[in-house]
Protein chains: 2
Amino acid sequence: MSQPLDIAVVGATGSVGETLVQILEELEFPVATLHLLASMESAGSSVMFAGKKVRVREVDSFDFAQVKLAFFAAGAAVSRSFAQKAREAGCSVIDLSGGLDDALALVPEANGEVVDSLALPALLASPSSAAVALAVALAPLKGLLDIERVQVMACLAVSSQGREAVNELARQTAELLNARPLEPRFFDRQVAFNLLAQVGATDEQGHAALERRLVSELRVLLGLPELKISVSCVQVPVFFGDSFSVAVQSRQSVDLQSVNQALDAAASVERVENDDYPTPVGDAVGQDVVYVGRVRHGVDEDQQLNLWLTTDNVRKGAALNAVQLAQLLIKKMA
Amino acid sequence: MSQPLDIAVVGATGSVGETLVQILEELEFPVATLHLLASMESAGSSVMFAGKKVRVREVDSFDFAQVKLAFFAAGAAVSRSFAQKAREAGCSVIDLSGGLDDALALVPEANGEVVDSLALPALLASPSSAAVALAVALAPLKGLLDIERVQVMACLAVSSQGREAVNELARQTAELLNARPLEPRFFDRQVAFNLLAQVGATDEQGHAALERRLVSELRVLLGLPELKISVSCVQVPVFFGDSFSVAVQSRQSVDLQSVNQALDAAASVERVENDDYPTPVGDAVGQDVVYVGRVRHGVDEDQQLNLWLTTDNVRKGAALNAVQLAQLLIKKMA
């Protein structure tokens, strides 16, 4: 058992931050004092931890020298303002915002061994939830396949954009079912009973920032810097649980039996046999694994491996992965 | 103007059949007498055509020698029972069921020229709505790209499974919003706010019949019998409008400007610029074209072309395509 540690969670009132605090408690993470921090608007509320109400304070006035480890789950701007300050005060940072270019993307099941060679205080990034899901599912297959290309369609739940987006899907759906005129608020158009083919603004080449981020994170996580990755991110009218249609192109014939064995042996993967398939609502939500189903070749093509993944984007895709990174870090601190 | 023709529509009370009858009227298709047919359960009702109520009669007792052209939109079993009989009576058949293996898959915008060499009475298949959408969008690009592979994720609206599926999505959504327990009926599980990774049963290799059908139809429609096509069909909680995330792998660098020009020149394609994107609800529903957006290369890869398509699955994907085939056929009959 590691020594209890003083810890800060920045963005403790957001959906990822709140889930993160829950998971620290569930996994009995060795916390001495837990400091919950947020921007001015959210400070003053309180969050339950280990049977006690913990007051959320302003991040601006917090002295990071008080803690050895800080999670940043309050968005890119907050990470950019305070993460460097925290590290200078001797605090290791696990960033969930995607806003720190120099943070090393880490998923324990994929490239966890990198932690061994890190100096403290460390700066780690828990990657986009899409990259976490794909890394967890593909890392066990790396040795089996001579991967030429990975093709991904990511179907993202609205919760990946926070609580406001969740409320907006519910509100839009209710308006439509009651035949009331729809006035989109959080999204710029109807998301209920619709698909939005673009998540966030696109650059001059037509790629969304999240799509580019997923490509670069996945290359790092799989240790394949030259890997060809094609990705489209789509916003779907699902509250929780991201899903992914994945085609892996291998340079050799894919042995499905070995693939299934490798997936079954992976602790963070739950494989579903081909007479069934996993769904975000029915399987993924609230769970700690990535569900993998529809394992099959391409039609007329045994060098292709097709998969369907679904996982809890807030929990496994973000909060749990960050806590798993913290578990690796505290071993170094001991 | 062609001579008016006696025509039968089998499955006139289904959503595709009903739309088909509407389109015959909208396009002022030269109809002399319109015979509306259905299975025993649906016979007896009536459908409006050209300002008159037309009674729907039983297909079992219909003499197909009365008509020169019959649309079959009542499912595979009905087509298998009556289409051959109709042809033997001298009637050309346009099948929308996918149930006739010897019917030639046709999309006017892709392989319409094949009609010239057909003998009458003809047996044509209006392909799956996914194949129609893909053929309409890809045919204009065939000459521009040296296509090695087409990768498709098809996000199918519930209406592709008929009216009962549409009602079930509405019912499930209302139950969930009212916090009542959900008892799935038409689908075997929750489809509201969820994604179902499989449409129909899968075979031993893990492919759904619709996925295999799409592959073989698209090869015929594009005239590329060896084309590598990877496809996953997913049921999404959208009422009307199928959407497709498509990646085309070319053996040469793709010139996006020429692609955009070719798409703009195609009459049945509506291209949406990259500062926006088309959606099923906002664009496709009720329209006669395939919307194409998010035209872009792959990340770090100019031999890849990415597209997002959306189209009205009942109208453009089925009923309208069948009527367009009929328009080609009547020219031969004149």
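None of the values given here were measured: they were computed from a predicted structure. (Residues numbered from 1 in each chain as written. Chains lettered and ligands numbered in written order. Predicted model: local features only at pLDDT ≥ 70, side-chain atom pairs only at ≥ 80, totals over all residues. Heavy atoms only, no water.)

## Comments concerning the relation of the copies chain A and chain B
Applicable threshold: What sets the superposition is a least-squares fit of C-alpha atoms, and only residues with pLDDT of at least 70 in both copies go into it. The contact definition used throughout considers only heavy atoms, calling two residues in contact when any of these lie within 4.5 Å.
Of the transformation superimposing chain A on chain B, the axial component is 0.0 Å and the angular component is 180°, with the fit at an RMSD of 0.0 Å. The relationship between the two copies is best expressed as a two-fold rotation axis. Comparing interface residues between copies, 100% of those in chain A also lie at the interface in chain B; the contact surface is shared.

## Points about the domain arrangement of chain A
Frequently, the measure chosen for interface size is the accessible area that the parts lose on association. All names here are of chain A. Our working definition: Residue ranges for the domains originate in an automatic or database domain assignment. Accessible area that two parts lose when put together, with a 1.4 Å probe and added across both, is what the buried area reports. Salt bridges are identified by distance alone: a Lys or Arg side-chain nitrogen within 4 Å of an Asp or Glu carboxyl oxygen.
In terms of domains, chain A is made up of domain 1 (5–126 + 318–333) and domain 2 (132–312). Computed over C-alpha atoms only, the centres of domain 1 and domain 2 are separated by 25 Å. Between domain 1 and domain 2, the contact holds 15 residues from the first and twelve residues from the second. Here domain 1 meets domain 2 over a buried area of about 1100 Å², counting both sides, of which 59% is carbon and sulfur. Across the contact surface, domain 1 and domain 2 share one salt bridge.

## Some thoughts on the sheet that holds strand β14 (residues 301–311) of chain B
Residue and element names in this part refer to chain B. To be explicit about the condition: When DSSP finds two or more bridges between a pair of strands, those strands are recorded as paired. The way it works is that DSSP assigns letters per residue, a run of H or I at least four long becomes a helix, a run of E at least two long becomes a strand, and they are numbered from the N terminus. To obtain an axis, a line is fitted to C-alpha atoms, over the contacting stretch when the element is a helix, and the angle between two such axes runs from 0 to 180 degrees between their N-to-C directions.
If you walk across this open sheet you meet the six strands as β10-β9-β11-β14-β13-β12, and the pairing is mixed. The two strands at the open ends of the sheet, each matched to only one other strand, are β10 (228–235) and β12 (269–271). Averaged over neighbouring strand pairs, the angle between their axes works out to 20° when direction is ignored. The sheet contact formed by strand β13 (residues 290–298) and β14 spans six bridges and is antiparallel. Among the inter-strand pairings, G293 is bridged to a residue of β14, identified as W308.

## With respect to the sheet that holds strand β2 (residues 31–38) of chain A
Residue and element names in this part refer to chain A. The strand order across the open sheet built from eight strands is β3-β4-β2-β1-β5-β6-β8-β7, with neighbouring strands paired in mixed fashion. In this open sheet, the two edge strands, each paired with only one partner strand, are β3 (46–49) and β7 (104–105). Relative to strand β8 (residues 123–125), strand β6 (residues 92–95) runs parallel, the two sharing three bridges. Residue pairing across strands places I94 opposite L124, the latter belonging to β8. Of the strands in this sheet, β1 (5–10), β2, β3 and β5 (69–72) are in contact with helix α1 (residues 15–26), which crosses β3 at around 25°.

## Description of the interface of chain A and chain B
We apply this condition: Under this definition, polar contacts are N or O atom pairs within 3.5 Å; protein pairs additionally need one hydrogen-donor-capable and one acceptor-capable atom, and for neighbouring residues in sequence, both atoms have to be side-chain atoms. Throughout, the ten residues Ala, Val, Leu, Ile, Met, Phe, Trp, Tyr, Cys and Pro are labelled nonpolar, Asp, Glu, Lys and Arg are labelled charged, and all others, Gly among them, are labelled polar.
Taken residue by residue, the interface counts 58 residues in chain A and 58 residues in chain B. Interface of chain A and chain B: buried area, both sides summed, is about 4900 Å²; carbon and sulfur atoms make up 53% of it. For the chain A face of the interface with chain B, the top three residues by lost area are A:F193, A:Y277 and A:V299, together amounting to 15%. The partner of A:R294 in a salt bridge is B:E211, and the shortest N-O contact between them spans 2.7 Å. Applying the counting criterion to the chain A and chain B interface returns 27 residue pairs in polar contact (both at pLDDT 80 or more). Of all the elements in the fold, those that place two or more residues in the side of chain A that touches chain B are β9 (147–156), α5 (163–177), α6 (209–222), β10 (228–235), β11 (242–250), α8 (280–284), β13 (290–298) and β14 (301–311) of chain A. Broken down by element, the side of chain A that touches chain B gets its largest block of residues, seven residues, from β10(A). Across the side of chain A that touches chain B, the residue classes tally to 25 nonpolar, 21 polar and twelve charged.

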